[in-house]
Number of protein chains: 2
Amino acid sequence: MAELAGRPGTSGGLALRTGQFVFAAASICAMASAPGFTNYTAFCYLIASMGLQALWSLGLGCLDCYALILRRDLQQAFLMSLFVVGDWVTAILSFAAACSAAGVVVLFKRDAYFCRRDPQLPCGRFEVAAAFAFLCCTFSAASALVMFWLLASL
Amino acid sequence: MAELAGRPGTSGGLALRTGQFVFAAASICAMASAPGFTNYTAFCYLIASMGLQALWSLGLGCLDCYALILRRDLQQAFLMSLFVVGDWVTAILSFAAACSAAGVVVLFKRDAYFCRRDPQLPCGRFEVAAAFAFLCCTFSAASALVMFWLLASL
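Predicted model only: the values in this text are computed from it and were never measured. (Residues numbered from 1 in each chain as written. Chains lettered and ligands numbered in written order. Predicted model: local features only at pLDDT ≥ 70, side-chain atom pairs only at ≥ 80, totals over all residues. Heavy atoms only, no water.)

Q: Is there a simple way to think about the UniProt feature "domain: Casparian strip membrane protein" (unreviewed entry) in chain A in this case?
A: In this structure's numbering, the residues bearing the UniProt feature "domain: Casparian strip membrane protein" (unreviewed entry) are residues 7-138 of chain A. The span residues 7-138 of chain A carries 81% helix and 0% strand; its end-to-end C-alpha distance comes to 16 Å. (UniProt positions renumbered as here; feature names shortened; annotations may be inferred. Helix = DSSP H or I, 4+ residues; strand = E, 2+ residues; numbered from the N terminus.)

As structure tokens, this is what we get:
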């Protein structure tokens with residue numbers, strides 16, 4: 001069980017962190033480049049949540065690099081509990097942000113036809129930002145599940 | 001670890017299923033009683049997702065009753081895997097539905113001021129339905145975590 005792919009301090013774990021960071025940063029860039037996003041709470045929350053996710057993933061990615069270079073073992077009960085809590089909090093916040101942003105984008109596009117009525121509204125960028133946020137969530141969920149599985153089988 | 005509160009076939013497990021079913025049904029009732037909710041994809045998705053959650057919880061609740069009355073043990077690897085998959089799928093769908101509905105409600109109330117402009121819009125009921133959906137999600141998340149923990153420690 002301790003040989004699970006994606007555990008902290010391995011190249012698999014580092015790949016998961018890199019994926020989280022890249023997609024969170026891409027989501028922030030797409031949303032920040034859309035003029036007028038600050039008028040919508042769901043999109044501001046997406047930026048805040050993806051920012052937290054990017055910072056957390058960057059920190060854990062650096063820790064993975066340190067463990068890989070110096071061949072340290074990160075699978076200690078205290079560290080694992082910390083990783084589990086952090087991963088679950090960031091994963092849940094990211095997923096909530098992605099879902100609420102997607103709900104608002106669908107409303108704009110399909111329900112209220114705001115995108116058709118107001119061509120100035122950057123609906124395409126809102127969509128891309130939400131899509132990147134969902135991609136970030138899949139990597140984040142993978143990390144959170146691996147951590148929880150490792151903690152449960154310690 | 002096998003004595004974890006809320007495991008299937010115990011009164012704790014039955015309480016979790018009852019909570020899920022009650023709040024999912026309450027969310028459906030609140031949303032269905034709001035006229036015009038069918039115009040919004042996020043609210044239709046909330047009804048569908050809460051319906052699935054209610055059916056799943058009702059089924060598992062009946063199984064818990066059966067196990068409690070006949071003193072059967074439900075903690076077998078095959079059954080647990082089935083419960084884990086079902087619980088995670090319903091929990092994720094419910095949370096996504098609750099978040100997207102909440103995103104749209106916040107947009108209506110705080111960002112676009114639809115609730116103030118159109119007093120016919122039943123914003124209060126939309127809010128109550130989203131709140132019940134989040135309560136349902138907390139019970140659902142508890143079940144999903146207990147199941148995953150039990151499966152990991154089998």
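Q: What's the story with the interface of chain A and chain B in this structure? I'm lost.
A: Size of an interface, as often reported, equals the accessible area lost when the parts are brought together. Every contact between the two is made by 23 residues of chain A and, on the other side, 24 residues of chain B. In total, chain A and chain B occlude about 2000 Å² of area from one another, counting both sides; carbon and sulfur atoms represent 81% of this. Our count for the chain A to chain B interface comes out at zero salt bridges. At the junction of chain A and chain B, the tally comes to two residue pairs in polar contact (both at pLDDT 80 or more). Of all the secondary-structure elements, those providing two or more residues to the side of chain A that touches chain B are α2 (41-70), α3 (77-111) and α5 (123-152) of chain A. Its residues assigned to classes, the side of chain A that touches chain B shows 17 nonpolar, five polar and one charged. (Contact = heavy atoms within 4.5 Å. Buried area = accessible area lost by both parts, 1.4 Å probe. Salt bridge = Lys/Arg side-chain N within 4 Å of Asp/Glu carboxyl O. Polar contact = N/O pair within 3.5 Å; in protein donor to acceptor, adjacent residues only side chain to side chain. Nonpolar A, V, L, I, M, F, W, Y, C, P; charged D, E, K, R; others polar.)

Q: Would you mind showing me how to read the UniProt feature "transmembrane region" (unreviewed entry) in chain A here?
A: Residue and element names in this part refer to chain A. The UniProt record annotates "transmembrane region" (unreviewed entry) at residues 21-48, 82-108 and 128-152. A distance of 14 Å separates the end C-alpha atoms of residues 21-48, which is 71% helix and 0% strand. The span residues 82-108 shows a helical share of 100% and a strand share of 0%, and its end C-alpha atoms are spaced 39 Å apart.

Q: Please explain unusual backbone geometry as it appears in this structure.
A: Trans is the prevailing form of peptide bonds, just as negative phi is the prevailing case for residues other than glycine. Residues and elements named next belong to chain A. Even without being a glycine, Tyr113 presents a positive backbone phi close to 55 degrees. Following the sequence through the fold, Tyr113 ends up in the loop between α3 and α4 (114-117). Residue classification places Tyr113 among the partly exposed residues on the basis of a relative accessible area of 37%. (Buried < 20%, exposed > 50% of the residue type's maximum accessible area, 1.4 Å probe, protein only.)

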